[in-house]
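# Examining the three-dimensional arrangement
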Amino acid sequence: MKRSVSKKDVLQVCTGDITRLAVDAIVNAANNSLLGGSGVDGAIHRAAGPRLLALTRTMGGCPTGQARITPGFDLPARWIIHTVGPVWHGGGQGEAALLRSAYESCLTLAVEYRLRSIAFPAISTGVYGYPFAEAAEIAVRTAWGFTSDLDTIIFCCFREQDAAFINLAPI
Ligand code: ADP
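Here goes a summary of the coordinates provided.

Cut-offs and rules
Residues numbered from 1 in each chain as written. Predicted model: local features only at pLDDT ≥ 70, side-chain atom pairs only at ≥ 80, totals over all residues. Heavy atoms only, no water. Helix = DSSP H or I, 4+ residues; strand = E, 2+ residues; numbered from the N terminus. Rg over C-alpha atoms; globule rule 2.2 N^0.38 Å. Buried < 20%, exposed > 50% of the residue type's maximum accessible area, 1.4 Å probe, protein only. Areas by Shrake-Rupley, 256 points an atom, 1.4 Å probe, with all protein chains shown as cover. Lys, Arg positive; Asp, Glu negative; His and termini not counted. Charge placed at Lys NZ, Arg CZ, Asp CG, Glu CD. Core = buried A, V, L, I, M, F, W, Y, C linked by side-chain atoms within 4.5 Å. Contact = heavy atoms within 4.5 Å. Near = heavy atom within 4 Å. Polar contact = N/O pair within 3.5 Å; in protein donor to acceptor, adjacent residues only side chain to side chain. Axes fitted to C-alpha atoms, helices over the stretch in contact; angles between N-to-C directions. Parallel < 35°, antiparallel > 145°, perpendicular 65-115°, else oblique. Left-handed = near helix turned anticlockwise from the far one by under 90°. Nonpolar A, V, L, I, M, F, W, Y, C, P; charged D, E, K, R; others polar.

The secondary structure content of the chain amounts to four helices and seven strands. Each helix and strand of the chain, placed in order from N terminus to C terminus, yields the pattern β-β-β-α-α-β-β-α-β-α-β. The C-alpha atoms of the chain give 14 Å as radius of gyration, which agrees with the globular expectation for 171 residues (16 Å, within 12%). Counting over 171 residues, the chain shows a buried share of 48%. By element, 52% of the accessible surface of the chain is carried by carbon and sulfur atoms, the whole surface being about 8,000 Å². For the chain, the centre of its 15 positive side-chain charges and the centre of its 14 negative side-chain charges are spaced 4 Å apart.

Have a look at this one:
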């Protein structure tokens with residue numbers, strides 16, 4: 001995996017499969033059911049093993065913009081923070097506020113659980129259709145608000161070309 005490090009070293013970008021990262025928590029771009037799906041959600045459920053679905057079946061889902069935490073089970077990461085980003089409908093339906101809320105909810109849970117390192121996929125930018133550059137700006141701006149609380153916040157890009165859209169400078 002390639003990494004680039006920001007001045008403050010807390011914010012980082014990497015490319016590759018988030019399920020391989022040995023951080024305190026990886027974030028899952030889940031859907032409202034929390035029962036697994038396509039993209040990163042499917043990859044996380046496959047890598048965490050069947051105990052994850054057995055637990056999320058009991059959790060009653062998650063509203064868009066909120067987050068829930070589970071163990072990482074078979075993953076190298078200790079925890080999975082599941083969040084639900086908005087579906088992109090053109091930008092006029094509160095998508096930006098919901099995406100910010102998704103990132104904020106994950107980071108708040110990480111602080112509550114006294115975690116030091118967290119890795120995010122690019123929430124909502126796959127099947128949910130959020131334009132990548134706009135989503136990345138929200139991700140970075142929200143994460144800067146938590147750089148005093150965590151040691152490492154990684155933005156993990158599955159597609160190598162996506163990493164170029166992430167500007168870690170404070171906005
Ligand atoms: P959403 O429904 O929130 O759009 P997707 O899983 O379809 O979620 O896509 C979100 C992002 O996750 C996309 O940028 C996609 O390239 C990326 N992605 C897919 N698989 C992985 C993976 N294994 N690790 C990291 N990122 C991934």
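If you look at the biggest cluster of nonpolar residues, it comprises 34 residues, and the most contacted ones within it are Leu11, Ile81, Ile118, Phe120, Ile153, Phe155 and Ile166. At the level of elements, strand 2 (11–15), strand 3 (25–29), strand 4 (67–71), helix 3 (95–112), strand 6 (117–120), helix 4 (132–144) and strand 7 (152–157) are the ones that each hand at least two residues to this core. It is helix 4 that provides the largest number of residues to this core, a total of seven residues. Residues within four places of Ile118 in sequence aside, it is in contact with Ala25, Val27, Ile81, Cys106, Leu107, Ala110, Leu150, Thr152, Ile153 and Ile154.

Further remarks concern unusual backbone geometry. Even without glycine at this site, Arg114 takes up a positive phi of about 55°. Tracing the sequence through the fold places Arg114 in the loop between helix 3 and strand 6. Even without being glycine, Ser124 reaches a positive phi, approximately 75°. Here Ser124 lies in the loop between strand 6 and helix 4.

This part is about the site of the ligand. Taken together, the neighbourhood of the ligand is formed by 15 residues, with Asp17, Val40, Thr125, Gly126 and Val127 sitting nearest. Note that a nitrogen atom of the ligand is positioned 2.9 Å from one of the side-chain N or O atoms of Asp17. Note that an oxygen atom of the ligand is positioned 2.8 Å from one of the backbone N or O atoms of Val40. Summarising the interface, the protein chains cover 92% of the accessible area of the ligand, which totals 560 Å² for the free molecule.

A separate point is the packing of helix 3 against helix 4. Close contact between helix 3 and helix 4 brings their axes to 9 Å; oriented N to C, the two are set at 40°. Classified by the angle between their axes, helix 3 and helix 4 sit oblique to one another. Note on packing geometry: the crossing formed by helix 3 with helix 4 is right-handed. The residues of helix 4 that touch helix 3, namely those facing Ala96, Leu99, Arg100, Tyr103, Glu104 and Leu107, are Ala135, Ile138, Ala139, Thr142 and Ala143. Its residues assigned to classes, the contact of helix 3 with helix 4 shows eight nonpolar, one polar and two charged.

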